[in-house]
Amino acid sequence: MKEINELNLPDGLRYTRDHEWVKIMGDAAIVGISDYAQDQLGDIVYVEMPEVGDEFKQGEEFGTLESVKAVSETYLPLTGEIIEINEALADAPELVNKDPYENWIVRIRPADLSELDSLLTVDEYLDLLNG
Amino acid sequence: MEGETRKTVLHAWHAAHGANMAIFASYDMPLWYPAGARAEHLAVLSRAGLFDTSHMAVITVSGRSARSLLQRCFSKDLDACLGPGRAPIAAGRCVYGVFLDIRGHVIDDAIVYQVTEDLYMVVVNAGMGGTIAAHLAANRQGEDPAITDLTDKVGKMDIQGPASARILRGLLQDPEAVLPGMGYFSFKGWFDGKEAGIAPVTLLDGTSVLVSRTGYTGEFGFELYMDIARMVPVWETLLEAGRAFDLIPCGLAARDSLRAGAGLPLSHQDIGHWPFVHNPWLFALAWDKDGKGFSKDFIGAEALLQCREHRYTLPFAGFDPRKINACEDSWVTDMQGIRIGSILTCTTDMAIGRAEGDIISIATAEAAGKKDFAPRGLSCGFVRVEMSLAAGETIILTDGKRRITVEIREEIRPGRTARRAMARML
């Protein structure tokens, strides 16, 4: 298990209390899970994706990640429409373990960027992890 | 002991080596090490893995009435349990069975070892030493066998996988006296070096060990019992000796996925406080020659024979790695969506996959003509449903949101090595 100070938590992302991250890229955004989440889940063996075109509200479940032990839901950090899924994860879900930031899960078109204010900065996320 | 977290003597080692820890049966245990559960699972099929299992409990039962007490309490007939000829258990042999209550419900499962005519070792699950020792004590009938709960006094580690014997050989003082010809469910040695009546087995560093050709992975290997004080040095020596064979430490996640794929039950999850009937493990009972009644009387026997239980525990495997968590909020339906039962275990065996519908494993892929087989794993485990279903029938596991079709199986992971002849493994 990684110690908190060993976690890779990039600045410039926004994090959720459920351990997803979102990165704004122009009028789109990519979404993945944090290094803490992948470390806690262990080997990810399956990533269940939504369909392109699906719409979700902020905090709504959009898919699941299956580790060896259990199935965990993933929640969308921002209200929006799925515009791309990371197809590479279908054959190689372990990529999420290898680099959870390079290997985003979905790309979305956010509906309301003001929702970002309700997400955690890296410092706030660290506070959450430190309990 | 409820609420108190216990640690094995290897706890600090696990933490120092980056294990992800979790509480299991009140012990803080490694789930996996940095290699990850998938690599650990695969290592046990192709090379070897080392498991800290000293959370499990050892009880000794000794004295002239030890055997009759076990005959009354244990589900297997010690006078008729070995091989097709139903020979009596003998010194150096062990058998799997269950301890039932008077209703035929499982208190715990166990392996009973006959050490000498008057000395038996009973190995039960984590936290169950006190319970089973008390159950045995309560069922003495004017006899006075000594019942000793050695929880946290005797340590155990399991080396499992095809390279296990070759690794262990390098640690034994006299490997030729121990390993050749050693059959499945046999053992040698004793864990404290004092006990009379059984030839000791000693490691090069002087540690007395009980070497048992058993395990909980479905793969070839050994369980090693020793004084708790010897656990850390032996663990480190084994890992060092195993380096040339790519031996790696393995956690409870791999242990769980390996045992599920091997069709082995987890006590208090797949068997437990319901009648021990209609399940894949009825070989644990003292059947008579006709298989209709029992060859001895034991606690719970009458309840099982009278039982009207209509639920069946069945193994299943999926068609991909997807799982449904086994919990109160998930259930099983038939293909029409009618609720028929519950999920007991659901995990992923990462060494298997489907080839033209059939399950193959990394151990059988080459023989099946799939040399480049790179499995993504299949979900597998056990369900408890309200009717008997035949192998090949499909059912649906669901949590209300996701639905996963799985197939009832007789066997899950093919090509398991647990019973392979020792001569092939040295």
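Preceding this paragraph is the structure being described.
Residues numbered from 1 in each chain as written. Chains lettered and ligands numbered in written order. Predicted model: local features only at pLDDT ≥ 70, side-chain atom pairs only at ≥ 80, totals over all residues. Heavy atoms only, no water.

> An account of the sheet that holds strand S16 (residues 339-349) of chain B is requested, with residue identities and associated values reported.
All names here are of chain B. Spatial ordering of the closed barrel is given by S14-S19-S16-S15-S20-S21, a layout of six strands whose pairing is antiparallel. On average, each strand axis in the sheet is inclined to that of its neighbour by 45°, with strand direction left out of account. By the bridge criterion, eight bridges tie S16 to strand S19 (residues 378-385) in an arrangement that is antiparallel. Counted as the bridge partner of Asp349 is Leu378 from S19. Running at roughly 120° to S16, helix H8 (residues 252-261) makes contact with S16 and S19 of the sheet. (Pairing = 2+ DSSP bridges. Helix = DSSP H or I, 4+ residues; strand = E, 2+ residues; numbered from the N terminus. Axes fitted to C-alpha atoms, helices over the stretch in contact; angles between N-to-C directions. Contact = heavy atoms within 4.5 Å.)

> Outline the interface of chain A and chain B, listing residues and values.
By a widely used convention, the size of an interface equals the accessible area lost when the partners come together. Taken residue by residue, the interface counts 23 residues in chain A and 23 residues in chain B. Where chain A abuts chain B, roughly 1800 Å² becomes buried across the two surfaces, and 47% of that area is made up of carbon and sulfur atoms. Looking at the side of chain A facing chain B, the largest losses of area belong to Met1, Val68 and Lys69 of chain A, adding up to 33% of the total buried there. The tally of links between chain A and chain B comes to eight salt bridges. When the shortest N-O distance is used, the salt bridge between Lys323 of chain B and Glu66 of chain A registers 3.5 Å. Here chain A is connected to chain B by 16 residue pairs in polar contact (both at pLDDT 80 or more). Here the side of chain A that touches chain B takes four residues from strand S6 (residues 61-67) of chain A, the largest share from any one element. (Buried area = accessible area lost by both parts, 1.4 Å probe. Salt bridge = Lys/Arg side-chain N within 4 Å of Asp/Glu carboxyl O. Polar contact = N/O pair within 3.5 Å; in protein donor to acceptor, adjacent residues only side chain to side chain.)

> Quick one: what's the story with unusual backbone geometry, residue by residue and with numbers?
All names here are of chain B. Within the chain, Ser26 stands out as a residue other than glycine whose phi angle is a positive 75°. Examined against the element boundaries, Ser26 turns out to sit in the loop between strand S1 (20-24) and strand S2 (27-32). Positive phi outside glycine occurs at Arg86, with the angle close to 55°. As for its placement among the helices and strands, Arg86 is situated in the loop between helix H3 (66-73) and strand S5 (93-100).

> Hey, could you go over the pairing of strand S2 (residues 20-25) of chain A for me, with residue numbers and the actual values?
Residue and element names in this part refer to chain A. When strand S1 (residues 14-15) meets S2, the two strands line up antiparallel, connected through two bridges. Counted as the bridge partner of Arg14 is Val22 from S2. The antiparallel pairing of S1 with S2 creates a hairpin that spans four residues between the two strands, and His19 there sits at a positive phi of about 80°. As judged from the six bridges shared by S2 and strand S3 (residues 28-33), these two strands associate in the antiparallel manner. Within the sheet, the bridge partner assigned to Trp21 lies in S3 and is Gly32. In textbook terms, the turn of a hairpin is the stretch between consecutive antiparallel strands, and for S2 and S3 this stretch comprises two residues, one of which, Gly26, has a positive phi near 70°.

> Give me the pairing of strand S3 (residues 49-52) of chain B: which residues, what numbers.
Residues and elements named next belong to chain B. Of the two faces of S3, the one lined by Gly49 and Phe51 and the one lined by Leu50 and Asp52 are each fully buried. As judged from the three bridges shared by S3 and strand S13 (residues 248-250), these two strands associate in the parallel manner. Within the sheet, the bridge partner assigned to Gly49 lies in S13 and is Ile248. (Buried < 20%, exposed > 50% of the residue type's maximum accessible area, 1.4 Å probe, protein only.)

> Explain the packing of aromatic side chains residue by residue, including any values.
Residue and element names in this part refer to chain A. As enumerated under the stated definition, the model contains 14 aromatic pairs over all chains in all. Their ring planes at 40° and their centres at 5.8 Å tell us that Trp21 and Tyr101 sit as a pair that is tilted. Of this pair, Trp21 sits in strand S2 while Tyr101 sits in the loop between helix H3 (95-98) and strand S9 (106-110), placing them 80 residues apart in sequence. This pair shows no difference in class: Trp21 is buried, exactly as Tyr101 is. (Phe/Tyr/Trp six-rings, centres within 6.5 Å; stacked < 30°, edge-to-face > 60°.)

> Can you explain helix H7 (residues 231-241) of chain B? Please cite residues and give values.
All names here are of chain B. Looking at H7, one finds that the buried residues are Met231, Val234, Trp235, Leu238 and Leu239. Projected onto a plane normal to the axis of H7, the buried residues spread over an arc of 135° and lie on a single side. Taken together, the buried residues of H7 touch helix H1 (11-16), S3, strand S9 (154-160), helix H5 (164-169), strand S12 (221-227) and S13. (Arc of directions from axis to C-beta.)

> Quick rundown of the pattern of salt bridges? Include the residues and the values.
Considering all chains together, one arrives at 34 salt bridges over all chains under this definition. Among the salt bridges present, the one from Glu143 of chain B reaches Arg72 of chain B, with a minimum N-O distance of 2.8 Å. In this pair, Glu143 of chain B sits in the loop between helix H4 (129-138) and strand S8 (146-149) while Arg72 of chain B sits in helix H3, placing the two residues 71 residues apart along the sequence. Of the two residues examined, Glu143 of chain B and Arg72 of chain B, each falls in the buried class. In this structure, the salt-bridge partner of Asp349 of chain B is Arg413 of chain B, at a minimum N-O distance of 2.8 Å. Taken as a pair, Asp349 of chain B in strand S16 and Arg413 of chain B in the segment after strand S21 (403-408) lie far apart in primary sequence, 64 residues in all. In this pair, the class of Asp349 of chain B matches that of Arg413 of chain B, namely buried. Linked by salt bridges that have partners in common, Glu48 and Glu66 of chain A together with Asp320, Arg322, Lys323, Asp399 and Arg402 of chain B make up one network.

> Break down the environment of Asp149 of chain B for me, citing the residues and quoting the values.
All names here are of chain B. Along the chain, Asp149 falls in strand S8. As for Asp149 and Met128, which are separated by 21 residues in sequence, their C-alpha atoms are 9.6 Å apart. Among all residues touching Asp149, those that are not within four sequence positions of it are Val58, Ile59, Gly129, Gly130 and Ala133. A distance of 2.5 Å separates the side chain of Asp149 from the side chain of Thr151, its partner in a polar contact.

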